[in-house]
Amino acid sequence: MATTTYLAASTRALAEEMERDPSVWALGEDLGRGGVFGQYKGLQARFGAARIADTPISEACIMGAAVGAAMAGTRPVVEMRFSDFALCATDELVNQAAKARFMFGGQATVPLVARQPIGMWRSSAAQHSQSLEAWYAHVPGLVVVAPATPADNLGLLKSAIRADDPVVYLEHKDLWAAEGDVPDGEHLVPLGVADVARAGRDVTIVTWSAMRRTSLAATETLAGEGVEAEVIDLRTLWPWDRDAVLASVERTGRLLVVHEAVTVAGFGAEIAAFVAEHLHHRLRAPVRRLGAPRIPIAYAPPLENAARVTPDAIAAAARAMLAPAAARAS
Amino acid sequence: MATTTYLAASTRALAEEMERDPSVWALGEDLGRGGVFGQYKGLQARFGAARIADTPISEACIMGAAVGAAMAGTRPVVEMRFSDFALCATDELVNQAAKARFMFGGQATVPLVARQPIGMWRSSAAQHSQSLEAWYAHVPGLVVVAPATPADNLGLLKSAIRADDPVVYLEHKDLWAAEGDVPDGEHLVPLGVADVARAGRDVTIVTWSAMRRTSLAATETLAGEGVEAEVIDLRTLWPWDRDAVLASVERTGRLLVVHEAVTVAGFGAEIAAFVAEHLHHRLRAPVRRLGAPRIPIAYAPPLENAARVTPDAIAAAARAMLAPAAARAS
Amino acid sequence: MSPASDEARPPARNLDRERLTAHLDTMWRIRAFEEAALRGLSEGLVRGAIHPSIGQEAVAAAVCLNLARSDLILSTHRGHGHTLAKGADARAMMRELLGRAGGTCGGKGGSMHIADFSVGMLGANGVVGANIPIAVGAAHAVALRGGPEIVACFFGDGAINRGPFLEGLNWAKIFRLPVLFVCEDNAWSATTRTADLTAGEGAAARARSLGIPAQILDGNDAIGLDAAARDAIAAVRAGEGPRLLHVRTYRMTGHTAADAAGYRDAAEVEAWRARDPIARLAAALAEAGVDPARLEASRTEAAAEMADVLDDARAAPWPDLAAAFADVQDVGDPAERAY
Amino acid sequence: MSPASDEARPPARNLDRERLTAHLDTMWRIRAFEEAALRGLSEGLVRGAIHPSIGQEAVAAAVCLNLARSDLILSTHRGHGHTLAKGADARAMMRELLGRAGGTCGGKGGSMHIADFSVGMLGANGVVGANIPIAVGAAHAVALRGGPEIVACFFGDGAINRGPFLEGLNWAKIFRLPVLFVCEDNAWSATTRTADLTAGEGAAARARSLGIPAQILDGNDAIGLDAAARDAIAAVRAGEGPRLLHVRTYRMTGHTAADAAGYRDAAEVEAWRARDPIARLAAALAEAGVDPARLEASRTEAAAEMADVLDDARAAPWPDLAAAFADVQDVGDPAERAY
Ligand SMILES: Cc1ncc(C[n+]2csc(CCOP(=O)(O)OP(=O)(O)O)c2C)c(N)n1
Ligand SMILES: Cc1ncc(C[n+]2csc(CCOP(=O)(O)OP(=O)(O)O)c2C)c(N)n1
Ligand SMILES: [Mg+2]
Ligand SMILES: [Mg+2]
């Protein structure tokens, strides 16, 4: 065990996989200088400019080339810099990467990882702050991963690189500096398996990415009030760990989904709908979602905060679900 | 009243708005020859090549230019040919059109209509068959419209053109030839207001686009069995008519959402989650969604059909919700 | 459209008759395949759109017959010719167009997504220009592992107005990748004249502005194309980086089989019909002394083969329903657990 | 980076002193504004990223001062200079950078989305190259209504490798739109040397391949730029269609204010520092007989103005919380009804 950052964990993951498999390479802008957040630091010196490739500002070609390179037998790790810029490569990701294997009747796989840093950071405004995981979960062919801890960023990135599917890999910009313990040896986290970040009996909070931390903060407050919330960090959004969520909600009778993205048509809708479909009669309170209002993210800090889900909001929502009234009125 | 097609209704809508407002114009590929489905037929002869503009195969620039032209005081109607090709213009639609008004603090509006024909038609395979309305509903700044009838295509397209917001306007390829009555005079349908396509007391089917027709077909079967289903055609997905849906489900106690798109993270999840949040205690059966499995759409007709929601499937789902067991088990 | 001023000069008459007769065979096979597909369409057997390349066969033949089997190609919506010329099985191709079991893609792709990875054909594409970055990436993979293969990427004159054309060519040049870009300039983008949509001189001029050597060629001159393709492929294989062939040709049908193409001038169509690449090559071979019976057999055998191929496809079963849920993905496979 | 071989020749010495002194004033104001912004950043007042244009001021001044107020511009992430030169209020701009009430965008956009529609500045952009199609579309709107305005569109050397560059230039040319494209070639794309990412000779060569007249200019020569911009703008306004200025310059800071730019050669930086566009223009004006006190006042007044501007912004209130929910959309307005 050693303490490391979410950022350093990702660097280690990529380095380990590049060491292990010569067909793994990375491509994106400014990777030679370490990448825009430093997540590629030292890798070009270690693996050379061919395998840590500096590309033009050509997101469509970065993603499209990765599709071709993946079909031709390599395992590209694509860096999109900000998930917002991946919108310059949507055709390549959604019409090409996600569909090629199926359209060609299984003749090819497309083992690429599309790293797309998501989320609000600090005054980054509407074009550098989005979280669009719900989009990718909706697209057949794609795997969607959103790690929340250093250990998971290590273990999930490694698994993503080894997967034969195109994986949309969403690191959160506000987590780069987050610290945590990671195992020393080989550490793989399986795709599609949730992590119970905190056990509890009263309400199940399902979350992912930076909202794991925010949700855990809320549980402290709640615990002080005698409310024991369970926090499930999904880690992978497609396939999401339905068994883990259903099992927990069956126990607690209450589901609160918390995510940073816009609530409307966010991935929380999928989870809430699924649980409502499958556990309606076990619910002791209506399912509930907490996410951002349907507004672009503003630059000014107080306005930016209007789009943030806070520990207080989470605690308040959980509290309301536990109030006796919740079981009756709606 | 006159009988017309969904296609002709759209031609009429655009012609009327171009007649009424000289700042309205249309741009896209092959519009001069009538557009790929004939929806622009005769318009270039009538309004000239400047206002019915034939563009290069440059979806990014078509959408981006429309953003600039909208901010500079015109009302462009963008033709994307197939909604799948709009993925070549995602940055322009989502990062630019949707956010400009907000980012610039209200200095500009972006009154554009992005027409994106959606849906399965016949053996069009994975890159010409998608329905991604859920994506656009998730994006602050966008209005999302999906008309199902000739009258609505007339009245909603006119309203979309008059709106000061960017409107994603999703016509369904399989509806072009559909016939229906349309009023003779000026006919506007307000954005955001659902249409009760059929009244019923037993179950509320919420749907839109081509699934209106499929759902209505299912209600015939159900009626024969004594089940009276209400069919609500949302018509606009953002803002969707929550009042109409809540009022109906309050009466019927049962919600079935039916859409052609993939179920996972489809817009049905939003509706089901919202209703489960707000009407949990009024529900006489769990909410239920019917959509496509999470598979790309195949070319071969029998495989393509595997992704289709059928009247039978809808009737079966409704029937199951009415079975006494539905109110108990989950 | 008159022939381009700087098209390749007619080749000398000392033809490699055997080699070019093979080209003729391929061209006839492409034409016969597409004519059979059109019959299949009119019979309601082909359910999706098809984009015939009738009139453009020389380009596919010249490029693909100069490639090795291990070389790779990326194609467009108008890709039957490329696929067949690269060596795909006509039977599997026709089954694909009919959406039947045994199709190259198991019936899941159809004409617009036809592919045969076993012969290096990495896919047609339904999105204009999207195949360019994919081709460049395939070449990048080849370069990374130091393979001897090259990648040929076909696209139309309309595709050069899409961003990926610029991004892909720029990429290929700076990474010095083994890609041969082939612009099949048939003067039309669906129903619109490409010249009206295109600034400057087109594909070759744009390639040259990126430092990519480019040639403008007569796409209906099979002999000249063969020589040019051979040279360009040799240069690319020698590690000189990407090249572009800007080939002027014409599609004799509408954009899709359903398009009557009434928007074109009859005189324009007739002028190009007179330049039919198959007839021209056949005439040149006859003049060079190839047995007329051999030339006639080239046509009739192709026709007979493709009639069989259509019959085979017509009789083939539909794919198993399970195929709709297969090959989506490994992780979160929809077949694994119904949602 | 040595100056381009075909840069404009040094101008004759019969300067329009008044005109060029105004340019100097603008350049000093841009520099002082950005230096104040950097102070604001180091004090923690500016919370988002800023991309200074220090060293590139001559381009903004030359282009914008040759435009009419009713002309339109589209800018980049490095857009303070363009915005100020086009006539935006420095106070409102600084408030925007600090995210305060009274900012040009009400504090909602910040540096990367700065805009002032009242002076024809239709926005900076956080997405490299995305402003090009928008500029083209604004020009399309002008053309549709037959207005006299033109549109200037700024972008960096890195942006020319994005697809929208091709799509936008092609579009402007075929529709013969009144657009002046201005490529501010500072030799760097964030932390990577653009030359390593760019095939061919760059912006001017690519524009020419599209039939768009293009000039390569010394971006640190305010006098030459002024003349070139004036001519190009006149041609565009006369309806000759789009033009492109490929302007070679240098940013003296890192990519963002947070970037120490250690990846650059000290000699390269020093060579460009010696070519500082403000110092060069001031020297030329002094040589042409402009009163040294006037030249000194140009600098000191700008500095004083921008110190005030920063103080004003510092004291300004945050925007009202309601602004977070305003100006999203009319139909389905989130402020109307909470979800
Ligand atoms: C991105 C995109 N836009 C539009 C289309 C519709 N479309 C299919 S083929 C075609 C014309 C293509 O012209 P060209 O590239 O010259 O190829 P050709 O059909 O002439 O072979 C168009 C517009 C598409 N498939 N993809
Ligand atoms: C589509 C996109 N890709 C990447 C970025 C990140 N980025 C911001 S500025 C920049 C460098 C741009 O270089 P250039 O166009 O030369 O402009 P300069 O910064 O030199 O003024 C990059 C890569 C972005 N904003 N948008
Ligand atoms: Mg063509
Ligand atoms: Mg630059």
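Structure report, in brief.

Reading the values: rules and limits
Residues numbered from 1 in each chain as written. Chains lettered and ligands numbered in written order. Predicted model: local features only at pLDDT ≥ 70, side-chain atom pairs only at ≥ 80, totals over all residues. Heavy atoms only, no water. Donors = N, O, S within 2.8 Å, 3.2 Å for Na, K, Ca; no water. Buried < 20%, exposed > 50% of the residue type's maximum accessible area, 1.4 Å probe, protein only. Pairing = 2+ DSSP bridges. Helix = DSSP H or I, 4+ residues; strand = E, 2+ residues; numbered from the N terminus. Axes fitted to C-alpha atoms, helices over the stretch in contact; angles between N-to-C directions. Near = heavy atom within 4 Å. Polar contact = N/O pair within 3.5 Å; in protein donor to acceptor, adjacent residues only side chain to side chain. Areas by Shrake-Rupley, 256 points an atom, 1.4 Å probe, with all protein chains shown as cover. Lys, Arg positive; Asp, Glu negative; His and termini not counted. Salt bridge = Lys/Arg side-chain N within 4 Å of Asp/Glu carboxyl O. Contact = heavy atoms within 4.5 Å. Least-squares fit on C-alpha atoms with pLDDT ≥ 70 in both.

1. So, the coordination of the magnesium ion (ligand 3)
Residue and element names in this part refer to chain C.
Next, step 1: Taken together, the protein donors to the magnesium ion (ligand 3) comprise Asp157 (OD), Asn186 (OD1) and Trp188 (O), at separations of 2.1 Å.
Next, step 2: Residue Asp157 is classed as buried on the basis of its relative accessible area of 4%.
Next, step 3: We classify Trp188 as buried; its relative accessible area is 4%.

2. Description of the sheet that holds strand S9 (residues 195-198) of chain A
Residue and element names in this part refer to chain A.
Next, step 1: Taken together, the five strands give an open sheet; going across it, the order is S9-S11-S10-S13-S14, and neighbouring strands pair in mixed fashion. The outermost strands of the open sheet, each flanked by one partner alone, are S9 and strand S14 (288-292). Here the average twist between neighbouring strands, direction ignored, is 25°.

3. What about the site of ligand 1?
Next, step 1: In the vicinity of ligand 1 there are 20 residues, among which Glu59(B), His77(C), Arg78(C), Asp157(C) and Gly158(C) approach most closely.
Next, step 2: Two or more chains meet at ligand 1, and those chains are chains B and C.
Next, step 3: A distance of 2.5 Å is found between a nitrogen atom of ligand 1 and a side-chain nitrogen or oxygen belonging to Glu59(B).
Next, step 4: One of the backbone N or O atoms of Ala159(C) is found 3.1 Å from an oxygen atom in ligand 1.
Next, step 5: Contact with the protein chains removes 97% of the 570 Å² of surface that ligand 1 exposes when unbound.

4. Brief notes about the side chain of Lys86(D)
All names here are of chain D.
Next, step 1: One can find Lys86 in the loop between helix H3 (80-85) and helix H4 (90-97).
Next, step 2: Look at Lys86: it is buried, it has no salt bridge, and the nearest opposite charge is Asp71 at 6.1 Å.
Next, step 3: Excluding residues that lie within four positions of it along the chain, Lys86 makes contacts with Cys64, Leu67, Ala68, Arg69, Ser70, Asp71, Ile73, Val119 and Gly120.

5. Looking at the relation of the copies chain B and chain A
Next, step 1: Superposing chain B onto chain A takes a rotation of 180° plus a shift of 0.0 Å along the axis, which leaves an RMSD of 0.0 Å. The superposition of one copy onto the other is thereby described by a two-fold rotation axis.
Next, step 2: Here 100% of the interface residues in chain B have copies in chain A that are interface residues too; the copies meet face to matching face.

6. Focus on the sheet that holds strand S6 (residues 143-145) of chain B
What links the strands of a sheet is backbone hydrogen bonding, and the strands pair in either a parallel or an antiparallel sense.
Residue and element names in this part refer to chain B.
Next, step 1: Strands sit in the order S3-S2-S4-S5-S7-S6-S12 across an open sheet of seven strands; the sheet is mixed. Two strands bound the open sheet, and with one partner strand each, they are strand S3 (52-54) and strand S12 (236-238). On average, each strand axis in the sheet is tilted by 20° relative to the strand beside it, whichever way the strands run.
Next, step 2: In this structure, strand S4 (residues 75-79) lies alongside strand S5 (residues 113-115), joined through three bridges in parallel fashion. Residue pairing for S5: Val78 is matched across the bridge by Ala114.

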